[in-house]
Amino acid sequence: MKTVMSKKSVIALYVLPSLILVLILIYIPIVLSGYYGLTDWNGVGKMKFIGLDNYITLIHDKLFWTSTWHSILLGLFSVLSLIGYLIVSLILASKLRGSNLLRKIYIIPMLLSSVAIAQLWVKIYDPNNGMINSILTSLGVEHTPLWLADPKIALYAIFLPIVWQYAGFYIIILYAALINVPEELIEAARIDGANAFQIAYKIKIPLISGVLKVLVILAVVGSLKYFDLIYVMTGGGPGHASEVMASYMYKEAFGKFNFGYGSAIGFGLLVISMAATWLIQKFLKTKSDD
Amino acid sequence: MNQMETAKVDMPSTPVLPAPKRIKSTALKKAGMGLLYIVLIAIAILQIYPLIWLFELSLKTNQEVFGMSPFALPKHPQWSNYVDAWTSGNIKSYFFNSVWYTIVAVVLTLILASFVTFALTRMQWKLKGFILALFMAAYMIPLHSTLIPLFNIFNHAHLINNPLSIIISYVTFNLPITVMILLGFYKSLPREIEEAAIMDGCSVHRLFFRITLPMTAPVLSTAAIINMIYNWNEFVFVNTFINSEKWKTLTVGVNNFVGQYLTDWGAIGATLVISILPILIAYIFLSDRIIEGLAAGSVKG
Amino acid sequence: MIKRKALTALTLICLLIGIVLTGCSSEGSSGDGSASGGKIHLKFMHDWPKGSSPAYFNLVNEIIKDFEDKHKNVKIDVEVLNPDQYRDKIKVLGASNELPDVGLTWSNGFAKPFATGGQFTPLNDIIDKDFKDQFVPGTVESYTFDGKSYALPMEMNITYIFYNKEIFKKYHIDVPKTFDELKQAGEVLKKNGVIPATVGSKDGWPASMWFMYLADRIGGPTILTDVINGKVKMTDPAIVKAAQEVQNLVDDGFFVKGNTALSNDEAKGYFLNEKAAMFLTATWELPNFTTSPDTSKAFKEKVGYFKFPLYEGGKGTDINSYVGGPGLGVFVAENSKHKDVAKDFATYLVKEWGKRSVEKAGILPATKVNTDGLKNVHPMYLDVLKDINEASNVTTWFDTQASPNVSELHHDMMTALFGKQVTPEEFAQKQADALAKEAKK
């Protein structure tokens, strides 16, 4: 068996096409953007090599660390939200009547493009005639919050639609993982007198731990490089209160023509993402990993 | 079996609840189920509302969109928004392009990602860990860091204004996340069947196509849905690498209505409604495959 | 069973790859801006999509068609993107030295890297020969670097306070001539539950219009340009005072609540729906207030405008001094393979644009307009054109004049000023620092 499963030609055939694509289209840009980070370049004119200056500036750039902190917070919220999605998926995957329809409905927001989601939530948060403040006013609240306009609230207000936008993504994966759990194991546990909670906790969750671990990594890395809704809804404001790494990078490179510094931020983002992934893997290390 | 053991190590042990008494439990159970359904339906309403809102938006004038309560119904439904959406660009060719770029990219991504995941989880070779790390790190680069280098690469390859640049980009940029999703499943799939097949002298290719792929049908459907949605809504690559109208996609139809001093939100709503219908139908269709795929897989298993 | 499935899957993949490959091979003709079939292909990019800017879009197409009719050997390949994507794409194209033969550029800070980086070709020959004395003074200068001009300006806008005449009449408010009167008008409106003014300060630039006018009125018409040129410091007392007055207005509840989260479009909605009485904006909005089918007739009749009031004791004593500037101009790429044809097209485009844009699209061109020849034009246009002719000064928007770096900072600072995240002193100091840092380079 070992010999069949370690045939070099087969491995090459299976891995090389993808590897070549990724190396050319992702790794060349990564290397190049690391290089641009070593230059003073406005994107259009001449490139001036300045060594590590951009990276040194980056380390001392308060705004970069603020935006990094915001991105990390978003990562934490996303991971926490996974618990909610896990519960919903567990319910949907248990033989509940109507769960098939419910599952389809739950994933609908994911189909919408960010343009639509941003518009919807801007309207929900509108301080004057938005949904939330209309309700608060009718309840007699006098000083209604300004939501996205309030630098103290904006960051958290914007987390909500982001986390909500990805609900479908996580539910659909968790669901597929859960229905893959062999029926015999659940049946056996039930015969032994385990209740639904115990079955979920002791059998289902451990069996999908591989998927869960991947989802944690996806949630964290996805959050660290998150861009769309933040850029459309607040533009990182007010006053950088909702700035994240990717929006900061975009503003520097495409807004201010600082492609050199923007690339350095992008490279910093990459390094932080790798560190985060490494930490998660260390933290979630299980014996099943080979 | 491995996972069961680790679970016992990792998870803090919970106190086993005393078995509840029979008679009480049925009444409680019913109340509990009722409550559960109320919560589930409330969530469902929250999740479906955006679609309804979008439909309302598509029938409003700009004057109604801004300044008025966003939840008021349109006073005079502007069906003309749909006419605008349909006629303001080559929506038919956009549509056709969106469909075939998406299908081709999804199929290629799934097959390539399955190959890679199979090799990573089932086969024995030295560089496994390194290659996996390469794929994972590829997921971490922010999109806008890649645009200028990518444009240069495609430009040198004479692939600018060529649909191939879009499809290749979709496949490549979705490969890492697809591999990672598949990875979790491959690891939890029982290996006994595959091992038995090898013992019987089955070749690797036959094993992959005949046994592994069918067994992973539920996750493939899942990954297909995710890939499909990503590709369908993508516009940065299309706008950067494509110049001529004839190769652009539906997302361009939306952007058509964004202007410097005026953005026609009603028409954007209409375009979004038009563009969401095909993906909604495809989604419902694929979504059922998750379960059917499972049934097929487990029977064979 | 499984075998069949695998086979179908494989066939499907082969088929799809086949489609892709044939898809590519059929491509290639419209790629380069080169001659094919004896015709010269010129690439032209603009940012007026049919959906959002139909009047611009149609007018450009009309002019292109006329040009092609006159030059049978030329074919213009047009690419249209919305402004956001246009900005991004033109930068990516610039970075790869692949600009279209002819395209549009914003003035000053946006154009400078392309011009000084050798990507735009100087157009002084055309401007001297074909456009002598035809551009509104001050417009070409916005595209001029080191003595060379790199674009033909297409738009000229000035800024007014647009107001709802009916609301003003209802509460017996006269058009304010001084800043104090403006504040008093605000008080009256507020008392009656009307939002005095709407502003989309999330975007920064609409908020900046308030600041720029106050700086002009308090510190005199040249102060902002002097700041850019390093003659006056951003921390000048007049500037700080202008910022202070902006914040006083915010404190007085003069602006719509939560404006730091409103984009310009969203803020405009309050004016269009008659919830806010005033809206400080530029003349590009004129179609919305006069001819656009999207706004109701009843509303259009209520819209009026007035010039930004004078500040008592300020140095800017002329109400005919405006804040404004050119928007887009036409550039020709330095490495265009058909530079002469491209220049011809750019010239034709801007000339015809000047002749037709007011009547056909309600746009004020950067070329001088002969008002006598205008028929079927809304009276507001005639008033505005008259104002432009009588203008004593048009200060180009501060954020347009500034480098992209300072401009972005200025926008951030404007939002922060409106959101009370900075004091007027900090507002001035931070920008002064950035300007000083830039001057050192």
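A short tour of the structure in this document, coming up. (Residues numbered from 1 in each chain as written. Chains lettered and ligands numbered in written order. Predicted model: local features only at pLDDT ≥ 70, side-chain atom pairs only at ≥ 80, totals over all residues. Heavy atoms only, no water.)

The next thing to look at is the overall build of chain B. When you go through chain B residue by residue, the secondary structure sums to 14 helices and 0 strands. When the helices and strands of chain B are listed from N to C terminus, the series reads α-α-α-α-α-α-α-α-α-α-α-α-α-α. Looking at chain B alone, contacts between residues at least 24 apart form 73% of all its contacts between residues at least 6 apart. A total of about 12,600 Å² of accessible surface is found on chain B, and carbon and sulfur atoms cover 72% of it. (Helix = DSSP H or I, 4+ residues; strand = E, 2+ residues; numbered from the N terminus. Contact = heavy atoms within 4.5 Å. Areas by Shrake-Rupley, 256 points an atom, 1.4 Å probe, with all protein chains shown as cover.)

Time to look at the overall build of chain A. A tally of helices and strands in chain A yields 15 helices and 2 strands. Taking the principal axes of the C-alpha coordinates as reference, chain A spans close to 70 × 70 × 30 Å. Out of the 290 residues belonging to chain A, those deemed buried represent 61%. A separation threshold of at least 6 residues defines the contact pool for chain A, and within that pool the share at least 24 residues apart is 65%. A gap of 8 Å separates the mean positions of the 22 positive and 15 negative side-chain charges of chain A. (Buried < 20%, exposed > 50% of the residue type's maximum accessible area, 1.4 Å probe, protein only. Lys, Arg positive; Asp, Glu negative; His and termini not counted. Charge placed at Lys NZ, Arg CZ, Asp CG, Glu CD.)

Bringing the pairing of strand β2 (residues 39-46) of chain C into the picture now. All names here are of chain C. With 6 of 8 residues buried, β2 is to be regarded as a mostly interior element. In this sheet, strand β3 (residues 74-80) lies alongside β2 in parallel orientation, the contact comprising 7 bridges. Along β3, the bridge assignment pairs Phe44 with Val78. For the handedness criterion, the β-α-β arrangement of β2, helix α2 (residues 54-70) and β3 is classed as right-handed. (Pairing = 2+ DSSP bridges. Right-handed = clockwise from strand over helix to strand, strands pointing away.)

Moving on, we get to the nonpolar core. Nonpolar side chains in soluble globular proteins generally cluster together in the buried interior. Among the nonpolar cores identified, the biggest contains 352 residues, and Trp210, Phe211 and Met278 of chain C are the most heavily contacted of them. In terms of residues, this core owes the most to one element, helix α5 (residues 91-122) of chain B, which gives 17 residues. Residue-level mapping places this core at the junction of two domains, with at least three residues from each of domain 1 (39-156 + 326-369) and domain 2 (158-324 + 396-440) of chain C. One finds Ile195, Ala267, Tyr270 and Ala276 of chain C within the second-largest nonpolar core, a separate group that totals 6 residues. (Core = buried A, V, L, I, M, F, W, Y, C linked by side-chain atoms within 4.5 Å. Domains from an automatic or database assignment.)

Attention shifts here to the interface of chain A and chain B. Between chain A and chain B, the residue contacts involve 97 residues of the former and 105 residues of the latter. For the pairing of chain A and chain B, the buried interface totals around 9,400 Å² over both sides, and the portion due to carbon and sulfur atoms is 77%. At the surface where chain A touches chain B, the tally comes to 0 salt bridges. Joining chain A to chain B, the criterion identifies 10 residue pairs in polar contact (both at pLDDT 80 or more). (Buried area = accessible area lost by both parts, 1.4 Å probe. Salt bridge = Lys/Arg side-chain N within 4 Å of Asp/Glu carboxyl O. Polar contact = N/O pair within 3.5 Å; in protein donor to acceptor, adjacent residues only side chain to side chain.)

Once that is clear, we can look at the side chain of Asp265 of chain C. Checked against the element boundaries, Asp265 of chain C lands in helix α11 (residues 264-272). Apart from residues no more than four positions distant in its own chain, Asp265 of chain C is found in contact with Phe66, Tyr261, Leu262, Thr263 and Trp265 of chain B.

Across the boundary between the two partners, chain B contributes 45 residues, which contact 48 residues of chain C. Between chain B and chain C the total buried area reaches about 4,300 Å² when both faces are included, carbon and sulfur atoms providing 59% of it. A salt bridge links Glu79 of chain C to Lys248 of chain B; the nearest nitrogen and oxygen atoms lie 3.4 Å apart. Of all the secondary structure elements, the ones that give two or more residues to the side of chain B that touches chain C are α5, α7 (143-156), α8 (163-188), α10 (204-215), α12 (236-241) and α14 (265-300) of chain B. Looking at the side of chain B that touches chain C element by element, the count peaks at 6 residues for α5 of chain B. Within the side of chain B that touches chain C, the residues separate by chemical class into 24 nonpolar, 17 polar and 4 charged. (Nonpolar A, V, L, I, M, F, W, Y, C, P; charged D, E, K, R; others polar.)

Residues and elements named next belong to chain C. Under the counting rule described, the total for this entry stands at 26 salt bridges over all chains. Across the salt bridge formed by Lys302 and Glu166, the nearest N and O atoms sit 3.7 Å from each other. With Lys302 in helix α13 (residues 297-302) and Glu166 in helix α6 (residues 165-170), the pair connects residues that are 136 residues apart, well separated along the chain. Taking relative accessible area as the criterion, Lys302 reaches 16% and is therefore assigned buried. Residue Asp265 is joined to Lys268 by a salt bridge in which the shortest nitrogen-to-oxygen separation is 3.4 Å. Here Lys268 and Asp265 lie together in helix α11, a separation of 3 residues that amounts to about one turn. For the residue pair Asp265 and Lys268, the accessibility class agrees, reading buried in each case. Ionic contacts of the salt-bridge type, sharing partners, join the residues Glu62, Asp66, Glu352, Lys355, Arg356 and Lys360 into one network.

With that settled, the discussion passes to the packing of helix α10 (residues 183-191) of chain A against helix α11 (residues 196-207) of chain A. Residues and elements named next belong to chain A. One way to put it is that α10 packs onto α11 with a least axis distance of 10 Å and a crossing angle of 160 degrees. Relative to α11, the element α10 is oriented roughly antiparallel. As for the relative orientation of α10 and α11, their crossing is right-handed in sense. Residues Leu185, Ile186, Ala189 and Arg190 of α10 pack against Ile199, Ile203, Lys204 and Leu207 of α11. (Axes fitted to C-alpha atoms, helices over the stretch in contact; angles between N-to-C directions. Parallel < 35°, antiparallel > 145°, perpendicular 65-115°, else oblique. Left-handed = near helix turned anticlockwise from the far one by under 90°.)

With that settled, the discussion passes to empty space enclosed by the protein. Using the criterion set out here, one finds 9 cavities of 30 Å³ or more in the structure. The volume enclosed by the second largest cavity comes to roughly 90 Å³. Forming the walls of the second largest cavity are Asn62, Gln63, Phe66, Leu262 and Thr263 of chain B together with Asp265, Lys268, Gly269, Leu272, Asn288, Asp294 and Thr295 of chain C. Sorting the residues of the lining of the second largest cavity by element identifies α3 (62-65) of chain B together with α11 of chain C as the ones contributing at least two each. Of the residues forming the lining of the second largest cavity, the biggest block, 4 residues, is contributed by α11 of chain C. Grouping the amino acids of the lining of the second largest cavity by side-chain chemistry returns 3 nonpolar, 6 polar and 3 charged. (1 Å grid on protein atoms, 1.4 Å probe; cavity = no way out; pocket = protein on both sides within 12 Å on 5 of 7 lines; lining within 4 Å. Points joined across faces, edges and corners; volume = space filled by probe spheres on them.)

So, on to unusual backbone geometry. Residue and element names in this part refer to chain C. Even without glycine at this site, Asn97 takes up a positive phi of about 60 degrees. Note on placement: Asn97 falls in the loop between α3 (83-95) and β4 (102-106). On the basis of relative accessibility, which here comes to 45%, the residue Asn97 falls in the partly exposed class. Here Glu274, not a glycine, exhibits a phi torsion of approximately 60 degrees, which is positive. Along the chain, the position of Glu274 falls in the loop between α11 and β10 (276-282). Glu274 sits in the partly exposed class, given a relative accessible area of 29%.

Moving on to a negative patch on the surface. On the surface, Asp174, Asp180, Glu181 and Glu312 of chain C cluster together to form a negatively charged patch. With a relative accessible area of 52%, Glu312 of chain C lands in the exposed category. (Patch = residues over 30% accessible without salt bridge, like charges linked within 9 Å, V, L, I, M, F, W, Y side chains within 5 Å.)

Residues and elements named next belong to chain C. Its place among the elements puts Thr235 in the loop between α9 (223-228) and α10 (237-251). Separated by 194 residues in the primary sequence, Thr235 and Gln429 have C-alpha atoms spaced 5.9 Å apart. If we skip the residues at most four places from it in the chain, Thr235 touches Val240, Ala428, Gln429 and Ala432.

In this description, a pair of aromatic rings is defined by centroid distance and the angle of the planes. Here the structure, examined in full by the defined rule, presents 71 aromatic pairs over all chains. Consider the rings of Trp79 of chain B and Tyr82 of chain B, whose centres lie 6.1 Å apart with planes at 35 degrees: the pair is tilted. Aromatic pair Phe254 of chain C and Phe255 of chain C: ring centres 5.3 Å apart, planes at 85 degrees, arrangement edge-to-face. Side by side, Phe254 of chain C and Phe255 of chain C carry an identical accessibility label, which is buried. Cation over ring: Arg87 of chain C sits above Trp106 of chain C, and NZ or CZ is 3.9 Å from the ring centre. Taking NZ or CZ as reference, Lys351 of chain C lies 5.5 Å from the ring centre of Phe131 of chain C, over its face. (Phe/Tyr/Trp six-rings, centres within 6.5 Å; stacked < 30°, edge-to-face > 60°. Lys NZ or Arg CZ within 6 Å of the ring centre and 35° of its normal.)

Together, Leu16, Ile20, Leu23, Ile24 and Ile28 of chain A line one region of the surface with nonpolar side chains, adding up to about 390 Å² of accessible area. Taking relative accessible area as the criterion, Ile24 of chain A reaches 37% and is therefore assigned partly exposed.

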